[in-house]
Amino acid sequence: MKISIIGAGNVGSTLAERVLTYKLADVVLLDIIEDLARAKALDLSDASPLMGYEKRVLGTSDYKETCDSKVVIITAGFPRRKGMSRDDLIHKNGEIMRIVLKNIKTFSPDAILIVVTNPLDVMTYLAYKEIGGDRRKILGMAGNLDTARFKALLSQELGVSFEKIETLVLGSHGDTMVPLVSKTLINEKPLGSMLNRERIEDIVERTKKRGGEIVALLKSGSAYFSPSAACFEILKAIINDAKKTIPCSLVLKGEYGISDCAISVPAKIGKDGAEEILEWELPENELSALRNSAKAAKEMFDKCKKQID
Ligand code: APR
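### Looking at the overall build of the protein chain
- Counting secondary structure elements, the protein chain contains 9 helices and 14 strands.
- Counting contacts in the protein chain only where the partners sit at least 6 residues apart, residues at least 24 apart contribute 71% of the total.
- Of the roughly 14200 Å² of accessible surface on the protein chain, a fraction of 49% belongs to carbon and sulfur atoms.
- Taken as two groups, the 45 positive and 43 negative side-chain charges of the protein chain have centres that lie 1 Å from each other.

### Looking at the pairing of strand 14 (residues 273-277)
- Here strand 13 (residues 259-270) pairs with strand 14 via 4 bridges, running antiparallel. The residue of strand 14 that forms the bridge with isoleucine 269 is alanine 274.

### So, the state of the cysteines
- As enumerated under the stated definition, the model contains 0 disulfides in all.
- No disulfide involves cysteine 231; its sulfur sits 9.4 Å from the nearest other cysteine sulfur, which is in cysteine 248.
- Taking relative accessible area as the criterion, cysteine 231 reaches 0% and is therefore assigned buried.
- What makes cysteine 248 buried here is its relative accessible area of 0%.

### Quick look at the environment of proline 119
- Residue position: proline 119 is located in the loop between strand 5 (112-115) and helix 5 (120-131).
- What makes proline 119 buried here is its relative accessible area of 5%.
- Those residues within four positions of proline 119 in sequence are excluded, and the remaining contacts are Arg86, Asp87, Leu89 and Ile90.

### Thoughts on helix 1 (residues 10-21)
- Helix length check: helix 1 (12 residues) gives 17 Å between terminal C-alpha atoms against 16 Å at 1.5 Å per residue, within 8%.
- Those residues of helix 1 that fall on the buried side of the exposure criterion are Val11, Gly12, Ser13, Thr14, Leu15, Ala16, Val19 and Leu20.
- Close packing links the buried residues of helix 1 with strand 1 (2-6), strand 2 (26-30), helix 2 (34-46), strand 3 (57-60), strand 4 (71-74) and helix 8 (225-239).
- Of the residues flanking the end of helix 1, it is lysine 23, one or two places downstream, whose phi is positive at about 55°.

### Comments concerning the pattern of salt bridges
- The final tally for this structure, using the stated rule, is 17 salt bridges.
- In this structure, the salt-bridge partner of lysine 305 is aspartate 309, at a minimum N-O distance of 3.5 Å.
- For lysine 305, a relative accessible area of 26% corresponds to the partly exposed category.
- Several salt bridges share partner residues, and in doing so they unite Arg98, Glu130, Lys305 and Asp309 into one network.

### Comments concerning the environment of phenylalanine 301
- Residue position: phenylalanine 301 is located in helix 9 (residues 284-308).
- By relative accessible area, which is 7% here, phenylalanine 301 ends up buried.
- The sequence separation of phenylalanine 301 and cysteine 248 amounts to 53 residues, and the corresponding C-alpha distance is 17 Å.
- The contacts of phenylalanine 301, once residues within four sequence positions are left out, are Val122, Tyr125, Leu126 and Lys129.

### Here's the deal with the side chain of threonine 147
- Note on placement: threonine 147 falls in helix 6 (residues 142-158).
- Residue threonine 147 is classed as buried on the basis of its relative accessible area, which comes to 5%.
- A distance of 2.7 Å separates the side chain of threonine 147 from the backbone oxygen of glycine 143, its partner in a polar contact.
- Among residues more than four places away in sequence, those in contact with threonine 147 are Thr167, Leu168, Val169 and Pro247.

### Structural notes on the nonpolar core
- Counting 57 residues, the largest nonpolar core has Ile3, Val19, Ile73, Ile114, Ile234, Leu235 and Ile269 as its most contacted members.
- Take this core: its biggest share by element is 8 residues, from helix 8.
- Inspection of this core shows a minimum of three residues originating in each of domain 1 (2-141) and domain 2 (143-308).
- Excluding anything up to four places from it in sequence, isoleucine 73 contacts Ile3, Ser4, Ile5, Ile6, Leu15, Ile114, Val116, Cys231 and Leu235.
- Of all hydrophobic cores here, the second largest spans 28 residues; its members include Ile90, Leu101, Met123 and Ile131.

### Topic: the site of the ligand
- Residues in close proximity to the ligand total 18 residues, the closest being Asn10, Val11, Asp31, Thr75 and Asn118.
- Against a free-state accessible area of 730 Å², the protein chains account for coverage of 88% of the ligand.
- Mapped onto the shell around the ligand, the elements with two or more residues apiece are helix 1 and helix 4 (90-107).

Procedures and definitions
Residues numbered from 1 in each chain as written. Predicted model: local features only at pLDDT ≥ 70, side-chain atom pairs only at ≥ 80, totals over all residues. Heavy atoms only, no water. Helix = DSSP H or I, 4+ residues; strand = E, 2+ residues; numbered from the N terminus. Contact = heavy atoms within 4.5 Å. Areas by Shrake-Rupley, 256 points an atom, 1.4 Å probe, with all protein chains shown as cover. Lys, Arg positive; Asp, Glu negative; His and termini not counted. Charge placed at Lys NZ, Arg CZ, Asp CG, Glu CD. Pairing = 2+ DSSP bridges. Disulfide = S-S within 2.5 Å. Buried < 20%, exposed > 50% of the residue type's maximum accessible area, 1.4 Å probe, protein only. Expected span 1.5 Å × (residues − 1). Salt bridge = Lys/Arg side-chain N within 4 Å of Asp/Glu carboxyl O. Polar contact = N/O pair within 3.5 Å; in protein donor to acceptor, adjacent residues only side chain to side chain. Core = buried A, V, L, I, M, F, W, Y, C linked by side-chain atoms within 4.5 Å. Domains from an automatic or database assignment. Near = heavy atom within 4 Å.

The following block contains the structure:
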């Protein structure tokens with residue numbers, strides 16, 4: 001099995017290393033800067049005898065090499081810099097996405113796509129609009145990343161293993177994301193019985209700002225270990241046909257009363273992509289927060305379309 005990663009930067013190359021380490025698939029690493037993709041692929045391939053990689057990795061800027069990939073992961077684009085929001089990237093990354101999507105449509109029309117490029121929900125919806133076809137095959141990775149961040153912060157705050165924490169973060173990858181406090185269980189007990197409302201709100205806010213906190217510390221570039229890990233988990237569920245519930249950004253057609261945009265919702269992920277979108281019953285405040293998040297994603301998509309058309 002072959003997968004292709006478009007963009008051999010921080011997220012793309014870290015993801016490639018994970019795919020090889022876990023022997024998931026052969027990897028094509030493609031970048032507009034051919035030497036960068038080739039150098040990273042050669043470096044990874046030199047690590048094979050040391051790390052026991054059995055799968056092959058190729059670096060290129062030629063889309064022909066990506067043909068008939070089972071999954072294509074799109075990380076191509078510019079990352080945020082200090083002081084930028086993800087939405088500030090729409091123009092530049094929107095144009096890059098269009099080129100990438102055109103090539104994917106030509107060389108791997110049946111591939112499942114995982115979108116990493118920001119602003120993530122806008123780019124996921126753009127992928128659907130440009131490629132069309134089965135919406136279950138176009139997934140944005142961010143709900144999984146936001147959930148991991150919320151879990152990590154809860155785990156530190158409560159001194160509890162993240163394995164004992166059940167939670168999900170839905171909505172758009174930005175300030176309007178919706179950590180499902182009502183569905184969060186710590187050792188099977190409701191979060192509200194363990195922390196007061198103020199502490200919970202503080203953790204929710206820190207979750208929303210986590211990406212920006214990392215951008216500010218890095219000075220140039222944005223987070224990549226956790227984004228590539230979030231992406232890896234989705235990829236693994238597809239390749240292993242795991243039918244695992246993972247929150248992903250998906251094109252909605254009426255679910256949760258939302259249409260015409262992509263935001264993160266829980267879905268069963270397996271060999272065909274998001275095989276089932278799960279429509280959970282949510283309390284009124286979380287449902288309206290989710291719809292509000294969808295509204296923000298839609299507005300941003302309209303802005304993106306105006307800028308790149
Ligand atoms: N085709 C292929 N690759 C491209 C193109 C293009 N048209 N344009 C840019 N790239 C490549 C760049 O050359 C670079 O190597 O995309 C890569 C992006 O890598 P980084 O700059 O290291 O960014 P990264 O941290 O990997 O983030 C990529 O994911 O998390 C999001 O906001 C982030 O949108 C950004 C994306």
